[in-house]
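The chain contents come next:
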Amino acid sequence: MNRTRWKWVARQAGSVVLLALGLMSTEVLAQCAYSSIQARLQISSTGGWVASGTVIQGQRFKVGVLVNGGSTLAAREYVALRLTGPSGFEIHPPVNGVYVEAPYSGTYTFEATCNNSALTSSATLTADAPSPGTPAPQRPNLHAIGFRSGTELYGGYTGNPTQIDAWDRASLEKVVEAGAVATHVGFSWSDIEPVRGGGFNWTGADAQYALAREKGLVAFAFSGMTPLWALPAGRTAPHKSPPDPQYTADFQYFFRELSARYCHKVRYYEFWNEQNGCGWIDDQCSNGQQAQAELYADWLKLWYVAMKEGCPDVVLATGGLDCASYTGPTACSDYLGWIYNRVGGEYFDAVSIHPYGQKLPTSDSDPYLNIDALQNVRAVMVNHGQPWKKIWADEWGYNTPAELEGLKGRMIERALNWFEDPAHDYVFQSRYLTVQDTGEQPVNHNYGLCDINAALSPPVLTPRAGHQAYREHLLGVGGTSLPLQNATMEFNTTPQYGGLASWGPNGGWANSEQFPRPASQFLGQMFGFYSAGTAETVGQLLPNHRFQAGKTYVFKSWAHGGGDNTGVLPYQLGYAQTDGSLSSWAPLATQLYAVGNTWFETAGVTYTVPAGSPAIGKQIIVRFGKGSDGGMSDIWFDNLSLDDALTRVRAIPSSPRPG
């Protein structure tokens, strides 16, 4: 839809009146324009809208209001939506036809009202409990590391694409080597639309997303930054002001387009950055006041609606609040409370914060995180009746000189342990600030995990002690992630249900949106499947990696019980008796896992190569076994990984096994 059309839609949807640069906002809802409405649910993208349905706790589904007995969704300005459920769950989605999640097992009621009329309708949903023995909620995105994109160094989105790609590629390789599964990308309005009406330049944004996908990393996206042409008079910094109110329609149009472009590709977004610190309207970084919070909340509301209209599947967070230890224990929770008081809790799905401890630590007694701020933000969410919402700890890290790199490593270990503690399951994501140092070239030794030699092409990043500490926390001493081809199941070239690229001899792939299950939102667009109870196997030979004596190998994945929500998956490690021949498989270790109705990451199979083993020097094969290996029923799998280490320093989590 073009810009003029969106402006017309905005006017028809009612008026948004911004006074005093947006410090007050009211939304005028339209009179009901329909003869009837129907509250409906959509369980999968290929299924129809239904008046009742069943999902599994933790599964996402759509809620929508149809009109006049047809299949058309009501315009959002005409209807009010309400979803209630167990444990006091209640939300009022401000956009019609969006995805929501069932955080508890039990019965949910979806109610719709046509504004200023007697028309009402309802639908009912049952959320079944997870299969017995399913592990605690999965939180893979606790292991995220950011990077400084080459667009910041080489001329922005219109800069040298070769230099930018080389820089970003070298950086993300070190993110992956550390064992991280997620990273940060930046989608700035000011970069993508530098000239009003001049079209969008998606080059840099596309490149960041494509490279993260290539590396198998989940992208958490920053969005914000006002173009110079849209700034209020007298403002000159894109990161320090929302648009002049006259450009509200341009603002909404851009964010609809952004969300739509990356729909089902990038799911997680935040709006703005440290708006309570140096990232908002006060040039002296005094933005932690109620008035500034209310202005931010007004634009957050507009952003949220536009993003959900562009793609109903996105998960949207507040901008990362500056919650470093110097802000004290309550600055961020106070700011969040003002957002709740201004616009309620319906215009963000998560809260993003930056809980830095001592940014420049000098001893082990310095705080590694601002834990009080984390807990107080959580308390505000609970006190406002939204305990199911999550926190993103989207920046933390340590600005240490070279001589204190060992201290940085110990701080990283403590922070990761805190985030991983099941008592802190309300933290959904945590991102170490950056794999490289910040600042212009030449770069001083600060937050980064690697030294950089940018004079070489491509740039060379050399891991420091901080990178080693992060990697060993996840992979063990001497641990490395060995590359599996098409490990994320995202690079298949066959039609749906066709064969898997780089895996064989059996197995196929399917679309996650068409087969939703709890925790599938942590995975990509595609997953693999095969019949474990038959003679089928799915394996891959690693031609450039051979077993070494004394090393421990772990092959694992995410798994699900398939169409019938139950099954047994045999994980196997073996070697090729003949180089290059997958069919010359010789088994070394098998581990069975019972899987059910919820996706989770298993601990997989582990094998330590003893001295004198016939596997030494042989090419590695990873495999999902067949019925005679203990497999049962059909199995779904995704995000496969293989790593090795000299010593395992962390206990591998237990997972359900067939009893």
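Scoring rules and cut-offs
- Residues numbered from 1 in each chain as written.
- Predicted model: local features only at pLDDT ≥ 70, side-chain atom pairs only at ≥ 80, totals over all residues.
- Heavy atoms only, no water.
- Helix = DSSP H or I, 4+ residues; strand = E, 2+ residues; numbered from the N terminus.
- Rg over C-alpha atoms; globule rule 2.2 N^0.38 Å.
- Buried < 20%, exposed > 50% of the residue type's maximum accessible area, 1.4 Å probe, protein only.
- Disulfide = S-S within 2.5 Å.
- Phe/Tyr/Trp six-rings, centres within 6.5 Å; stacked < 30°, edge-to-face > 60°.
- Pairing = 2+ DSSP bridges.
- Expected span 1.5 Å × (residues − 1).
- Contact = heavy atoms within 4.5 Å.
- Core = buried A, V, L, I, M, F, W, Y, C linked by side-chain atoms within 4.5 Å.

(A) How the structure looks around the overall build of the protein. Helix and strand content of the protein: ten helices and 32 strands. Relative to the compact-globule value of 26 Å for 659 residues, the protein shows a C-alpha radius of gyration of 25 Å, a close match. For the protein, the C-alpha atoms occupy an extent of roughly 80 × 60 × 45 Å along the three principal directions. Taken over 659 residues, the protein has a buried fraction of 56%.

(B) Here's a closer look at the state of the cysteines. For the structure shown, the criterion picks out four disulfides. The disulfide partner of cysteine 263 is cysteine 311, and the gap between their sulfur atoms is 2.0 Å. On the S-S bond that ties cysteine 263 to cysteine 311, the torsion sits near 70°, and the link is right-handed. Note that cysteine 263 is positioned in the loop between helix H5 (248-261) and strand E14 (268-273) and cysteine 311 in the loop between helix H6 (290-310) and strand E15 (315-322), a separation of 48 residues in sequence. Here cysteine 263 and cysteine 311 have matching classes, each one buried. One disulfide in the model links cysteine 323 with cysteine 332; its S-S distance is 2.0 Å. Its S-S torsion of about -120° marks the bond between cysteine 323 and cysteine 332 as left-handed, since a negative value means left-handed. Taken N- to C-terminal, the disulfide-bonded cysteines of the protein are connected 1-2, 3-6, 4-5, 7-8.

(C) Fine view of the environment of glycine 385. On the secondary structure map, glycine 385 appears in the loop between helix H8 (371-383) and strand E17 (390-396). Glycine 385 sits 297 residues away from glycine 88 along the chain, and the two C-alpha atoms are 7.6 Å apart.

(D) Examining unusual backbone geometry more closely. Note the cis peptide between glycine 504 and proline 505, where omega equals 0°. We note that tryptophan 272 has phi near 80°; this positive angle belongs to a residue other than glycine. Summarising the element assignment, tryptophan 272 is placed in strand E14. A relative accessible area of 2% means that tryptophan 272 is categorised as buried. In this model, tyrosine 497 sits at a positive phi of 80°, which is unusual for a non-glycine residue. Within the secondary structure, tyrosine 497 is located in the loop between strand E21 (480-482) and strand E22 (504-505). Judged by relative accessible area, which is 48%, tyrosine 497 ranks as partly exposed.

(E) Structural context of the packing of aromatic side chains. Taken as a whole and assessed by the stated rule, the structure comprises 56 aromatic pairs. Arranged with centres 4.8 Å apart and planes meeting at 15°, the rings of phenylalanine 187 and tyrosine 262 form a pair that is stacked. Here phenylalanine 187 is found in strand E12 (residues 182-188), whereas its partner tyrosine 262 is found in the loop between H5 and E14, with 75 residues between them in sequence. Both residues of the pair, phenylalanine 187 and tyrosine 262, belong to the buried class. Seen in terms of ring centroids, phenylalanine 220 and phenylalanine 428 are 6.4 Å apart; in terms of plane orientation they differ by 55°. Their pairing is tilted.

(F) Region of interest: the sheet that holds strand E4 (residues 52-56). Read across the open sheet, the five strands follow the order E4-E10-E9-E6-E7; overall the sheet is mixed. Of all strands in the sheet, those bounded by a partner on one side alone are E4 and strand E7 (90-91). Pairing analysis gives eight bridges linking strand E9 (residues 106-114) to strand E10 (residues 120-128), with the strands arranged antiparallel. Directly across from glycine 106, in E10, lies its bridge partner alanine 127.

(G) Just helix H9 (residues 405-420), in detail. A rise of 1.5 Å per residue sets the reference length of H9, with its 16 residues, at 22 Å; its end C-alpha atoms lie 23 Å apart and thus fit the reference within 8%. The set of residues buried in H9 consists of Glu405, Leu407, Lys408, Gly409, Met411, Ile412, Ala415, Leu416, Trp418, Phe419 and Glu420. On the buried face of H9, the contacting elements are H8, E17, strand E18 (427-432) and helix H10 (465-475).

(H) Representation of the nonpolar core within the structure. Core analysis: the biggest nonpolar cluster contains 90 residues, and Phe187, Phe255, Tyr269, Trp303 and Phe419 have the highest contact counts within it. A per-element tally of this core places H6 first, with twelve residues. Setting aside its immediate chain neighbours within four residues, phenylalanine 419 contacts Arg139, Leu142, Leu369, Leu374, Ala393, Trp396, His424, Val427 and Ser430. Among the nonpolar cores identified, the runner-up in size contains 37 residues, and Phe555, Tyr575, Phe600 and Ala603 belong to it.

(I) Representation of the environment of serine 613 within the structure. Position of serine 613 among the secondary structure elements: in the loop between strand E30 (605-608) and strand E31 (619-624). Along the primary structure serine 613 and alanine 549 are separated by 64 residues, whereas in three dimensions their C-alpha atoms are 7.6 Å apart.

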